[in-house]
Amino acid sequence: MAREILIRPLVTEKLTAMMEEGHYAFVVDLGANKIDIRKAVKARFPSVEIDEVRTMIVRGKRRRQLTRRGVREGRTARFKKAIVTLAPGSEQIDFFEGI
């Protein structure tokens, strides 16, 4: 269940700075709600205590590609992002433990 809901962790410069404060971001399934996301994170990382889950849908961006045959237009895929806040004193999540 957790594998279908949590697609991958989201790691950017801003989110890496937020990890020190206990905020972690995941790309999740578009149909998942906050309760499903909370259960999936708890199943994947059983030692953490979750304080809050915030979700947002990131819309796809328009892209253009100039080719010999002309201009090709398209869109990137939209996705749902979840920011999980851990409770104070909870154990931290380590995304890079297998590297």
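Conventions used here
- Residues numbered from 1 in each chain as written.
- Predicted model: local features only at pLDDT ≥ 70, side-chain atom pairs only at ≥ 80, totals over all residues.
- Heavy atoms only, no water.
- Core = buried A, V, L, I, M, F, W, Y, C linked by side-chain atoms within 4.5 Å.
- Buried < 20%, exposed > 50% of the residue type's maximum accessible area, 1.4 Å probe, protein only.
- Helix = DSSP H or I, 4+ residues; strand = E, 2+ residues; numbered from the N terminus.
- Contact = heavy atoms within 4.5 Å.
- Pairing = 2+ DSSP bridges.
- Phe/Tyr/Trp six-rings, centres within 6.5 Å; stacked < 30°, edge-to-face > 60°.
- Axes fitted to C-alpha atoms, helices over the stretch in contact; angles between N-to-C directions.

Looking at this structure, how should I read the nonpolar core?
Side chains of nonpolar character tend, in soluble globular proteins, to be buried together. Grouped together as the largest cluster of nonpolar side chains are 20 residues, with contacts concentrated most on Phe26, Ile37, Val41, Val84 and Ile93. Mapped onto this core, the elements with two or more residues apiece are helix 1 (2–5), strand 2 (23–28), helix 3 (34–44), strand 3 (50–58) and strand 6 (79–86). In this structure Val41 touches Leu6, Phe26, Val48, Ile50 and Val84, once residues within four positions along its chain are discounted. Among the nonpolar cores identified, the runner-up in size contains six residues, and Leu10, Ala25, Val27 and Ile83 belong to it.

I keep staring at the environment of Ile37 and nothing clicks. Help me out?
By the secondary structure assignment, Ile37 is in helix 3. Along the chain, Ile37 and Val84 lie 47 residues apart, while their C-alpha atoms are 8.7 Å from each other. Setting aside its immediate chain neighbours within four residues, Ile37 contacts Ile5, Val28, Ala32, Val53, Thr55, Ala82 and Val84.

For this particular structure, what's the right way to read the pairing of strand 2?
Judged by how many residues are buried, strand 2 sits mostly within the fold: six of six residues are covered. Burial of strand 2 is two-sided: the residues His23, Ala25 and Val27 facing one way and the residues Tyr24, Phe26 and Val28 facing the other way are all buried. Where strand 1 (residues 6–9) meets strand 2, three bridges bridge the pair, whose relative direction is antiparallel. Within strand 2, the residue paired with Leu6 across the bridge is Val28. Relative to strand 6, strand 2 runs antiparallel, the two sharing six bridges. Following the sheet pairing, His23 is matched in strand 6 by Thr85.

Any chance you could explain the packing of aromatic side chains here in plain terms?
What describes a pair of aromatic rings is the distance from one ring centre to the other and the angle between the planes of the rings. Tallying each qualifying case throughout the model produces one aromatic pair. When the ring of Phe26 is compared with that of Phe45, the centres are 6.4 Å apart and the planes differ by 35°; the resulting orientation is tilted. One end of the pair, Phe26, is in strand 2; the other, Phe45, is in the loop between helix 3 and strand 3, and 19 residues separate them in sequence.

It is not clear to me how the sheet that holds strand 1 should be interpreted in this structure. Could you clarify?
What links the strands of a sheet is backbone hydrogen bonding, and the strands pair in either a parallel or an antiparallel sense. Taking strand neighbours across the sheet as the criterion, the four strands line up as 1-2-6-3 in an open arrangement whose pairing is antiparallel. Of all strands in the sheet, those with a lone pairing partner are strand 1 and strand 3, marking the two edges. The sheet shows a mean angle of 30° between the axes of neighbouring strands, direction not considered. Each of strand 1, strand 2, strand 3 and strand 6 is contacted by helix 3, which is oriented at about 120° to strand 3, the strand it contacts most.

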